[in-house]
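Chain residues, written in single-letter form:
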Protein chains: 2
Amino acid sequence: MKTDSGTVDVGAFDFECGADIPSLDVAYESYGEFDGSNAVLVCHALTGSQNVAGYGENTAGQARAWWNDIVGAGKAIDTNDYYVVCANVPGSCYGTTGPASPGPDGDPYGTDFPPVTVGDWTRAQRLLLDELGVGRLHAVVGGSVGGMNALDWAQRYPDDVRHLAVVAAAGRLDPQCLALDAIARRAITTDPDWNGGDYYDGDPPTDGLALARQLGHVMYLSKASMERKFGRRAAGRDAQRESFPTDPAAAYFPYRDVESYLDYQAEKFVERFDANSYLYLTRAMDDYDLAEGYEDDADALAAFEGETLLLSFTGDWHFTTEQSESLAESLRELDAPVAHHVVESDHGHDAFLVEPEKVGPPLRDFLDDGVDGRAVHDTEEEPESLPDDRDFAPVHSSLFSR
Amino acid sequence: MKTDSGTVDVGAFDFECGADIPSLDVAYESYGEFDGSNAVLVCHALTGSQNVAGYGENTAGQARAWWNDIVGAGKAIDTNDYYVVCANVPGSCYGTTGPASPGPDGDPYGTDFPPVTVGDWTRAQRLLLDELGVGRLHAVVGGSVGGMNALDWAQRYPDDVRHLAVVAAAGRLDPQCLALDAIARRAITTDPDWNGGDYYDGDPPTDGLALARQLGHVMYLSKASMERKFGRRAAGRDAQRESFPTDPAAAYFPYRDVESYLDYQAEKFVERFDANSYLYLTRAMDDYDLAEGYEDDADALAAFEGETLLLSFTGDWHFTTEQSESLAESLRELDAPVAHHVVESDHGHDAFLVEPEKVGPPLRDFLDDGVDGRAVHDTEEEPESLPDDRDFAPVHSSLFSR
């Protein structure tokens, strides 16, 4: 597979907020060969990176080769057929300019970096694709907040997108998720090591960032997946409460598998992610609202004439099946070709990453044949193939479900 | 209404963990007159207090007169008929001995206070009732972790309880709630002001405790109630981000109603609650498992011959209807008189506090007439009166529910 990676300086960049920076680097990777009409832009999730697929080896984690099961030669997004591009978003910390990047004076921007929006991500991706010689895209595909990024493409550059695949996403976050994100940010900013965002020559706010990440993890799982993965079990002997302070009374109670898992995930995360980027990117996600400046979602997408696949997961309470169905209804209102493909899964939001066998086929057939693709199902067209009402309901499945 | 409040020193107290303290004060309130067989013990929730009802005035908040709509003269738990007792649990901070109380050396115990369990709460309540001259109880009633406390009564002192009312509770927490509680504790212990629990002569860890409380609040609400209360609205002009540090980029984005609400709640909470108590009491809740030491829940309750009312709420994802139904099934296995009364509500866990009009009638009739009480419904006996499947499912109701 032909691959390419690099960083393109797209020049001075005007942010939606009105501020600008003298130059914006955009880090990207591409897989496969461009034939003039086969470009697929993949948009990454909150803490993801441009490294959407591995170069043959099996890497793990959300920033490294995060969709390796989906993107590659012979895989659902087949790099033998498609030229796949993924770019790290502005405000992130994987090579594209963000708070941790040096500003004009050579010091890290820190919180002098302008606030970013999902719209800024889309505009930066457009500039990158211009540099790469890509005009119209065969498809834009994104999961989670990357799905919002994809939606923004269809609204902002409707003529540039032939196929839109929005995976485990929504037109906007609901207030429960807004609340949890605000609490996560507060965990970072109340960590004294955050120091107003100016910590790059000292200790970073790892305690706050760890808390934020642990909250995120709970949002990505479901009651059912947590019951299956952890139950109420104590962690193994080797597991230690090491990553944060504790007190003598705590030792009377088991250190549970679920705590050990969250502590381990948090420890790994703080090594790879920048706390200011976490603030910036969650704000962009929280702020995103497809209908902003329009009557409603349908109005926002009225100019888009491509085909749309919405993929949602029954156990996902971060981005629910109902939110995807609402988007589907908006597109149906417009008589736009749309399929809302509901995947029965109790994996929670994580399903889009951990169940490639369910995500791959509809995605593959949608890229090849649009909404009429063989493995693409739609809530409206084939009601008999839908999971029953209960499974379709937004799930915090109970450990005691009957 | 005759009321009484005070603190009883029940003497040296041996905790379940094996540690002891030389004297345990138990703070309590009582309402109504004891006639020898009309005592109702009410068990408070995590951050509640013995002040279950007001003395006529309308006070607010979870620690002050927290069930004033349910307990009082002419109310569901009618203090004209019943002698109602509520005691603050060991480890709390409303008068019963806990980490903030002075130890034998005159200094606050801090984290030298022994770890407490729900069983310790029950045993302390038993000692208090002995002092008050109350032997067998007409009823034990508890909500949330107070419902676990009530369950523990039926398991530990089966002959002392004629009626058991378990409201919005479960035999044990599920791993999702265990995870959120662990994150909340980590927020406290990573606050430098926590200082290993030794902060009573300095600044308390208000940042950490505020985060813990905000997480709790999200657990008490539901997607639907948050959508109705806050939506994605910006807070009013007067609302300010004042309670925690922020950065210039944050100002570009709205300070939302939901954030303002959580910040306000957290500010109020840190004034009234002790951070160490929060650690101790959440550990007790997390640790509680009705079946521990038994084959299963039915085995744990086998010796209990009283009647049981389980009240659960369809929108509650902290303690789900399925968890209550599982308890009901265990009691049915034992041929014990039980009613599982499901309240249709999208208020989340908070429903047991904020929907007295739905909680009161079944509680009142259960206290008077047991499971055959007029307003008491049961999932098994009257399936046609149940909400439909979808409403019955554990809800994170979507803002887009159709």
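Residues numbered from 1 in each chain as written. Chains lettered and ligands numbered in written order. Predicted model: local features only at pLDDT ≥ 70, side-chain atom pairs only at ≥ 80, totals over all residues. Heavy atoms only, no water.

Chemist: Help me understand the packing of aromatic side chains, please; the structure alone is not making it clear to me.
Modeler: Two descriptors summarise a pair of aromatic rings, namely the distance from one centre to the other and the angle between the planes of the rings. Evaluation of the coordinates by the stated rule reveals 31 aromatic pairs over all chains. Ring geometry for F269(A) and Y278(A): centres 5.8 Å apart, planes at 80°, overall edge-to-face. Ring plane angle 15° and centroid distance 5.2 Å describe the contact between F269(B) and F273(B), whose orientation is recorded as stacked. A relative accessible area of 6% means that F273(B) is categorised as buried. Connected via pairs of aromatic rings, a cluster forms that spans F13(A), F15(A), Y109(A), F113(A) and Y280(A). Taking the ring centre of F269(A) as reference, the NZ or CZ of R213(A) above it sits at 4.3 Å. (Phe/Tyr/Trp six-rings, centres within 6.5 Å; stacked < 30°, edge-to-face > 60°. Buried < 20%, exposed > 50% of the residue type's maximum accessible area, 1.4 Å probe, protein only. Lys NZ or Arg CZ within 6 Å of the ring centre and 35° of its normal.)

Chemist: I tried to follow the relation of the copies chain B and chain A on my own but got confused; where do I start?
Modeler: Both copies of the chain are placed relative to one another by a rotation about an axis and a shift along it. Mapping chain B onto chain A is achieved by rotating through 180° and translating by 0.0 Å along the same axis, at an RMSD of 0.0 Å. Within this description, the copies of the chain are treated as partners about a two-fold rotation axis. Take the interface residues of chain B: 100% of them recur as interface residues in chain A, which is what a same-surface contact looks like. (Least-squares fit on C-alpha atoms with pLDDT ≥ 70 in both. Contact = heavy atoms within 4.5 Å.)

Chemist: Would you take a moment to explain the sheet that holds strand β1 (residues 3–9) of chain B for this structure?
Modeler: Paired through backbone hydrogen bonds, the strands of a sheet run either parallel or antiparallel to each other. Residue and element names in this part refer to chain B. Ordered in space as β1-β4-β8-β5-β9-β10-β11-β12, the 8 strands form an open sheet in which the pairing is mixed. The strands lining the two open edges of the sheet, one partner per strand, are β1 and β12 (338–343). Adjacent strand axes in the sheet meet at a mean angle of 20°, parallel and antiparallel pairs treated alike. Bridging between strand β5 (residues 39–43) and strand β9 (residues 137–143) involves 4 bridges; their strand directions are parallel. Bridge pairing links L41 to V140 in β9. Taken strand by strand, helix α11 (residues 356–369) contacts β9, β10 (161–167), β11 (307–313) and β12, and its axis lies near 175° from that of β11. (Pairing = 2+ DSSP bridges. Helix = DSSP H or I, 4+ residues; strand = E, 2+ residues; numbered from the N terminus. Axes fitted to C-alpha atoms, helices over the stretch in contact; angles between N-to-C directions.)

Chemist: I would appreciate a short explanation of the interface of chain B and chain A in the present structure.
Modeler: Contact residues are listed per partner, giving 78 residues for chain B and 78 residues for chain A. When the two sides are added together, the surface that chain B and chain A hide from each other amounts to roughly 6,900 Å², 65% of it contributed by carbon and sulfur. Where D289(A) meets R232(B), a salt bridge forms, and the shortest distance between an N and an O atom there is 4.0 Å. Joining chain B to chain A, the criterion identifies 21 residue pairs in polar contact (both at pLDDT 80 or more). The dominant element in the side of chain B that touches chain A, judged by the number of residues it contributes, is helix α3 (residues 175–189) of chain B, at 12 residues. Here the residues of the side of chain B that touches chain A are counted per class, giving 38 nonpolar, 17 polar and 23 charged. (Buried area = accessible area lost by both parts, 1.4 Å probe. Salt bridge = Lys/Arg side-chain N within 4 Å of Asp/Glu carboxyl O. Polar contact = N/O pair within 3.5 Å; in protein donor to acceptor, adjacent residues only side chain to side chain. Nonpolar A, V, L, I, M, F, W, Y, C, P; charged D, E, K, R; others polar.)

Chemist: Help me understand helix α7 (residues 275–287) of chain A in this model?
Modeler: Side chains three or four residues apart in an α-helix point the same way, a direct result of the helix having 3.6 residues per turn. The terminal C-alpha atoms of α7(A) lie 18 Å apart, and with 13 residues this matches the ideal 18 Å at 1.5 Å per residue to within 8%. In terms of residue burial, α7(A) counts as a mostly covered element, since 13 of its 13 residues are buried. (Expected span 1.5 Å × (residues − 1).)

Chemist: What is the right way to read the side chain of S277(A) from this model?
Modeler: All names here are of chain A. The residue S277 is located in helix α7 in this model. What makes S277 buried here is its relative accessible area of 0%. There is a polar contact of 3.4 Å between the side chain of S277 and the backbone oxygen of S92. In this structure, S277 is in contact with G91, S92, C93 and P99, ignoring residues within four places of it in sequence.

Chemist: Quick question: what am I supposed to make of the UniProt feature "binding site: substrate" (unreviewed entry) in chain A here?
Modeler: All names here are of chain A. If you check UniProt for "binding site: substrate" (unreviewed entry), the listed places come out as R213 and D350 in our numbering. Across 138 residues in sequence, these annotated residues keep their C-alpha atoms within 14.0 Å of one another, forming a single compact spot. Turning to its location among the elements, R213 is positioned in helix α4 (residues 206–220). By relative accessible area, which is 4% here, R213 ends up buried. You can call D350 buried: its relative accessible area is 14%. Here D350 is in contact with Y220 and L221, once residues within four sequence places are set aside. (UniProt positions renumbered as here; feature names shortened; annotations may be inferred.)

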